[in-house]
Amino acid sequence: MVVTVSTWDLAIPGSGSLKRKRSVLRSLKDRLARMNVSVAESGLQDVRNRARISVAFLAAHSAQADSIQEAVDRLVAGARDAVVVANSTERF
């Protein structure tokens, strides 16, 4: 079994309020949740134009973990209204 935890720091240009930021994040988190991964806003909650989200998932083997990670990376990188600033991934 392989456990993967990834974290992304995102810039949300044009977000003038926490309400707008939450709207962008809710859309991204909903799409990630459909991929059967756990997702949470894990930092920068009070900053209106930045966000940190984390995703965790369990895979049967490394190849499956790689496939899931690539799909999650593509989804986050393609998010509307958010730009990836930094990314880190850990496997256990």
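All values reported here derive from a predicted model rather than from experimental measurement.

Enquirer: How should I be thinking about the overall build of the protein in this particular structure?
Expert: Helix and strand content of the protein: two helices and four strands. Secondary structure elements in the protein, listed N-terminal to C-terminal, are β-α-β-β-α-β. Principal-axis analysis of the C-alpha atoms gives the protein an extent of 45 × 20 × 15 Å. The buried share of the protein, reckoned over its 92 residues, is 34%. Counting only contacts in the protein whose residues sit at least 6 apart along the sequence, the fraction spanning at least 24 positions is 71%. When the accessible surface of the protein is split by element, carbon and sulfur atoms take 50% of a total near 5300 Å². Mean positive and mean negative side-chain charge positions of the protein (14 and 9 charges, respectively) differ by 8 Å.

Enquirer: What is the right way to look at the nonpolar core in this model?
Expert: For soluble globular proteins, the rule of thumb is that nonpolar side chains tend to be buried together. Leu10, Leu32 and Ile53 are the most contacted members of the largest nonpolar core, which totals 20 residues. At five residues, the largest contribution of residues to this core is made by strand β3 (residues 50–59). In this structure, leucine 32 is in contact with Val37, Val39, Ile53, Val55, Val72, Leu75 and Val76, ignoring residues within four places of it in sequence.

Enquirer: Whenever I open this one, the pairing of strand β1 (residues 2–11) confuses me. Can you help?
Expert: Walk down a regular strand and you will see the side chains alternate between the two sheet faces. β1 sits mainly inside the fold: eight of its ten residues count as buried. Strand direction decides the pairing type here: β1 and β3, joined by ten bridges, are antiparallel. Among the inter-strand pairings, leucine 10 is bridged to a residue of β3, identified as alanine 51. Where β1 meets strand β4 (residues 83–91), eight bridges bridge the pair, whose relative direction is antiparallel.

How each quantity is defined
- Residues numbered from 1 in each chain as written.
- Predicted model: local features only at pLDDT ≥ 70, side-chain atom pairs only at ≥ 80, totals over all residues.
- Heavy atoms only, no water.
- Helix = DSSP H or I, 4+ residues; strand = E, 2+ residues; numbered from the N terminus.
- Buried < 20%, exposed > 50% of the residue type's maximum accessible area, 1.4 Å probe, protein only.
- Contact = heavy atoms within 4.5 Å.
- Areas by Shrake-Rupley, 256 points an atom, 1.4 Å probe, with all protein chains shown as cover.
- Lys, Arg positive; Asp, Glu negative; His and termini not counted.
- Charge placed at Lys NZ, Arg CZ, Asp CG, Glu CD.
- Core = buried A, V, L, I, M, F, W, Y, C linked by side-chain atoms within 4.5 Å.
- Pairing = 2+ DSSP bridges.

Take it as geometry only, folks, not as evidence of what the structure does.
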